[in-house]
Amino acid sequence: MPRLPAPPLPKTLQPRPPRPGQNGNGRGHPVVEGGIHVVDWVDERMQMSGGLRWLMFRKVPRGINWFYTLGSATLFAFLSQAVTGVVLAMYYRPDAVNGAYESIRYIDDNVFLGLFVRSMHKWGASIMIILIFLHMARVFFFGAYKYPRELTWVIGVVLLILTLIMGFTGYLLPFDQRSYWASIVGININGTGPFVGPFLSDFIRAGPEFGATTLSRFYSIHMLLVPGAMIALIGAHLYLVTKLGISAPPWIKVEHEPVVDEAEV
Amino acid sequence: MPGAFEGETVTRRRFMNVAANGAGAVATLAFTLPALGFALAPVFHEQAFQWQAIGPPSDFNALVYSNRVITIVPGVGTAGKTLAYVRARNAAIDREPEDKYNQWIALSSRCMHLGCPVRYVQAAERFICPCHGGVYDFRGLVAGGPPVRPLDRFYTRLNSISGLVEVGPRYSVNSELQRFSPRDPGQPLDGIGQYLYPSRVSTPPPPPGG
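Here the structure is a predicted model, which is why all the values come from computation and not from measurement.

Cut-offs applied
Residues numbered from 1 in each chain as written. Chains lettered and ligands numbered in written order. Predicted model: local features only at pLDDT ≥ 70, side-chain atom pairs only at ≥ 80, totals over all residues. Heavy atoms only, no water. Contact = heavy atoms within 4.5 Å. Buried area = accessible area lost by both parts, 1.4 Å probe. Salt bridge = Lys/Arg side-chain N within 4 Å of Asp/Glu carboxyl O. Polar contact = N/O pair within 3.5 Å; in protein donor to acceptor, adjacent residues only side chain to side chain. Helix = DSSP H or I, 4+ residues; strand = E, 2+ residues; numbered from the N terminus. Nonpolar A, V, L, I, M, F, W, Y, C, P; charged D, E, K, R; others polar. Pairing = 2+ DSSP bridges. Phe/Tyr/Trp six-rings, centres within 6.5 Å; stacked < 30°, edge-to-face > 60°. Buried < 20%, exposed > 50% of the residue type's maximum accessible area, 1.4 Å probe, protein only. Lys NZ or Arg CZ within 6 Å of the ring centre and 35° of its normal.

*Asks:* Help me get a handle on the interface of chain A and chain B, residues and values and all.
*Replies:* Counting residues at the interface gives 28 residues for chain A and 30 residues for chain B. Regarding the contact of chain A and chain B, the summed buried area is about 2,300 Å², with carbon and sulfur atoms giving 64% of it. Where chain A touches chain B, the interface holds four salt bridges. Applying the counting criterion to the chain A and chain B interface returns 11 residue pairs in polar contact (both at pLDDT 80 or more). Among the secondary structure elements, those contributing two or more residues to the side of chain A that touches chain B are α7 (177–191) and α8 (197–205) of chain A. Sorting elements by how many residues they give to the side of chain A that touches chain B places α7 of chain A first, with seven residues. Here the side of chain A that touches chain B is composed, by residue class, of 17 nonpolar, seven polar and four charged.

*Asks:* Lay out unusual backbone geometry in plain terms, naming residues and giving numbers.
*Replies:* Residue and element names in this part refer to chain A. Residue proline 148 follows tyrosine 147 across a cis peptide bond; omega there is 5 degrees. Here the phi dihedral of leucine 113 falls at roughly 60 degrees; this positive angle occurs in a residue that is not glycine. Mapped onto the secondary structure, leucine 113 falls in the loop between α4 (100–109) and α5 (114–141). Its identity is not glycine, yet phenylalanine 175 carries a phi of approximately 55 degrees, on the positive side. As for its position among the elements, phenylalanine 175 is in the loop between α6 (150–172) and α7.

*Asks:* How would you explain the sheet that holds strand β7 (residues 135–136) of chain B if you had to name every residue and give the values?
*Replies:* Residue and element names in this part refer to chain B. An order of β5-β6-β7-β8 is seen for the four strands of this open sheet, with the pairing classed as antiparallel. Strand pairing shows two members of the sheet lacking a second neighbour, β5 (119–121) and β8 (142–144), which therefore form its edges. In this sheet, β7 lies alongside strand β6 (residues 126–128) in antiparallel orientation, the contact comprising two bridges. Following the sheet pairing, isoleucine 128 is matched in β7 by valine 135.

*Asks:* Could you give me a rundown of the packing of aromatic side chains, with the residues and numbers involved?
*Replies:* Residue and element names in this part refer to chain B. Under the defined criterion, the tally for this structure stands at 25 aromatic pairs over all chains. Aromatic side chains tyrosine 155 and tyrosine 171 sit 4.5 Å apart centroid to centroid with 45 degrees between the ring planes, which places their arrangement in the tilted category. Of the two residues, tyrosine 155 sits in strand β9 (residues 153–158) while tyrosine 171 sits in strand β10 (residues 165–173), which places them 16 residues apart along the sequence. Judged by its relative accessible area of 4%, tyrosine 155 is buried. Overall, the relative accessible area of 5% leaves tyrosine 171 in the buried class. Three or more aromatic residues joined by ring pairs make a cluster, and in this case those are Tyr65, Tyr85, Tyr120, Phe127 and Phe138. Of note, arginine 157 hangs over the ring of tryptophan 51, and the distance from its end group to the ring centre comes to 4.0 Å.

Distances and angles like these do not, on their own, reveal function.
And the structure:
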């Protein structure tokens, strides 16, 4: 079967040539051989090894440093929020009358590791917002948003807004006094936008007053609508990062000045 | 036309393309439009409201506010309740035009800065908001702090059958205490405010003649 040309494997992952005196065409350990066989079987059908090498073994510029890990850190914060959020949804009940607050209390007091997982979700939310701003600051101060990476920046800004929406909608879910009044204030701040603000508030609240379906509406936005959009946009963001490559820090100069032949002057 | 029979204006390939893509578009709209309407419906749906009895007229005097818990959204437990501060109309200080809906003054506890609950302090005769320091005087007019308009009010009336005072829908007022349809906190009603923050269709209508 013809294969697409793939970027070469890095040296450490390439199969080593046999040492002198060893059998050159011998087989390896049966377990390794079996694993290679399975991976080959899958890859012959999916043809994904080229894409994975393209994604993972790419050239990075000289001078990159720890500041370049802030994007990955944000991604891992998102993954942590996703995993802890999914398991919290196994116990949470978005019922304003009797259930939301009680289910949070149940998670905290009775569920094995419940308080730990909910705290990870709660503090992870703040950490993700801090990391996303640090990542944004790195991109801004290193000038990494410039051509041809403007679209990566624009998608990143949309992801920032979606993350803030996640923070706003998630804040209501414990449904205690703090989250209730904070959401009232937040919705009313949103309503001060001229012309559209009052109608946007009605949409967020599902009516002119904080009502029976406001909590479930926030819950649906928090765990279905926005995360879906974020996963799609993170995919686009990472594709662009891989496609366009990473920009060098601004203090890295071109290694060799272009030599101009005197004869050409 | 190449690829078409005599007299045909559209090739079969093009017709099938348009038909297949059109069918896909119809199928997509068939679920996105109802879903969108489902999510947006509350913006256009008028909320129902019922008059609620809050006590006989002898419960209320013109000098002291009485607290009454009323339900503005049924079926949500405590989240649907709100506090109303009620007193009898005092002709000496209440100079807004008198009608059958303001014989008792019922002020909403919702602060007009961003919606926190205000507390009435009898010693100061002021309503004070704990969140950002909004202060209102005895009539609910802004006396200090960030609120953009006086406290909202509720229509009140005397039920001639039961003989009880009843509280009706909420309404908003500007600094002249003119009535407007209920607006959210933070939305001024003086000057061009009433046009920047238009009336919504979701709020309960005023009572007849109110």
